[in-house]
Each structure stands twice: as C-alpha cells, then as structure tokens.
Amino acid sequence: MNAAVKIDVIATASKPRDFVMQPPKTLDLITFNTPDNGVLTGYVSVIRQHLGNGQRFAWVELDSDLAGQFRGVPLADIITCDDAGTARRQVATNGQVRGMCLSDYSNKLFRRSITTACH
C-alpha cells in the first residue's frame, strides 16, 4: 500500500527584469551585451535620454578599463544588475570609502608667484 510517489517539482521560471521599465540606479554594477566587445561589466553613473530618438541610455564606467572611461549602454542591452547601488551610496556618504586615484603629486608641484614668473 505504501507505494513510492514521485512528485515533480517544477520551479517557476522567474521573468527577467525589464530594464527599460525598471532601470538600474546610480552605482549599480551591471553586465551588458555589446556587439563589438561581447559581455562587459561596469557601474552605472547616470541614466540619460538620447536627444534624437528618445532612447534611454545608462552611462556606465567600465570595470575592465581605466578609471573615467564611460560607455553609453542602451537599457535594452543590460543583462543583469546587482541592485547594490543604494548601499554603495550610503557607505560613500558615511565617509568610509576613500576616493581612488593613481597618485597624488599635488604637494610636489613647483609653485611660483605670477610676479616672479614674469621677471
């Protein structure tokens, strides 16, 4: 009477997020598909609208390139988003994150006054 019963559990397929309707926030880490370089990652700086056709783009600071290099990514090309931008912004406002730079040589600059430079 105690026959083994096999129950198939079918996982509900989660619908992928529509990034056009729900765009990522500032400082979210996203992955996106590009026609020339494949899949890239980076941090969202800002969402802007194209002046010509109205398409919205995420300006992304690329994770694999030098600091300060951005790429305009159409929201439809975004694959994933970590949604951790809010936490990153809160940490930055608490002063726990220090700005990164290659080097700071500002104290080594030779300063001359304008009057001595003209003579």
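To be clear, the structure that these remarks concern was listed above.
Below: a short report on this structure.

Reading guide: rules and limits
- Residues numbered from 1 in each chain as written.
- Predicted model: local features only at pLDDT ≥ 70, side-chain atom pairs only at ≥ 80, totals over all residues.
- Heavy atoms only, no water.
- Helix = DSSP H or I, 4+ residues; strand = E, 2+ residues; numbered from the N terminus.
- Buried < 20%, exposed > 50% of the residue type's maximum accessible area, 1.4 Å probe, protein only.
- Contact = heavy atoms within 4.5 Å.
- Areas by Shrake-Rupley, 256 points an atom, 1.4 Å probe, with all protein chains shown as cover.
- Salt bridge = Lys/Arg side-chain N within 4 Å of Asp/Glu carboxyl O.

What follows concerns the overall build of the protein chain. Check the secondary structure of the protein chain and you find two helices and five strands. The helix and strand sequence of the protein chain, counted from the amino end, reads β-β-β-β-β-α-α. Out of the 119 residues belonging to the protein chain, those deemed buried represent 18%. Of the contacts formed within the protein chain by residues at least 6 apart in sequence, a portion of 41% connects residues at least 24 apart. A total of about 9900 Å² of accessible surface is found on the protein chain, and carbon and sulfur atoms cover 56% of it.

To continue, consider the pattern of salt bridges. Using the criterion set out here, one finds two salt bridges in the structure. With its nearest N and O atoms 2.8 Å apart, the salt bridge here joins Arg-17 to Asp-83. With a gap of 66 residues between them, Arg-17 in the segment before strand S1 (29-34) and Asp-83 in the loop between strand S5 (78-81) and helix H1 (85-93) connect regions that are remote in the sequence. By relative accessible area, which is 29% here, Arg-17 ends up partly exposed. A relative accessible area of 47% means that Asp-83 is categorised as partly exposed. Ionic pairing is found between Arg-71 and Asp-36, a salt bridge with its closest N-O pair at 2.8 Å. With Arg-71 in strand S4 (residues 70-74) and Asp-36 in the loop between S1 and strand S2 (38-49), this pair connects stretches of sequence that are 35 residues apart. Look at Asp-36 and you get exposed, because its relative accessible area is 54%.

These figures capture arrangement, not role.
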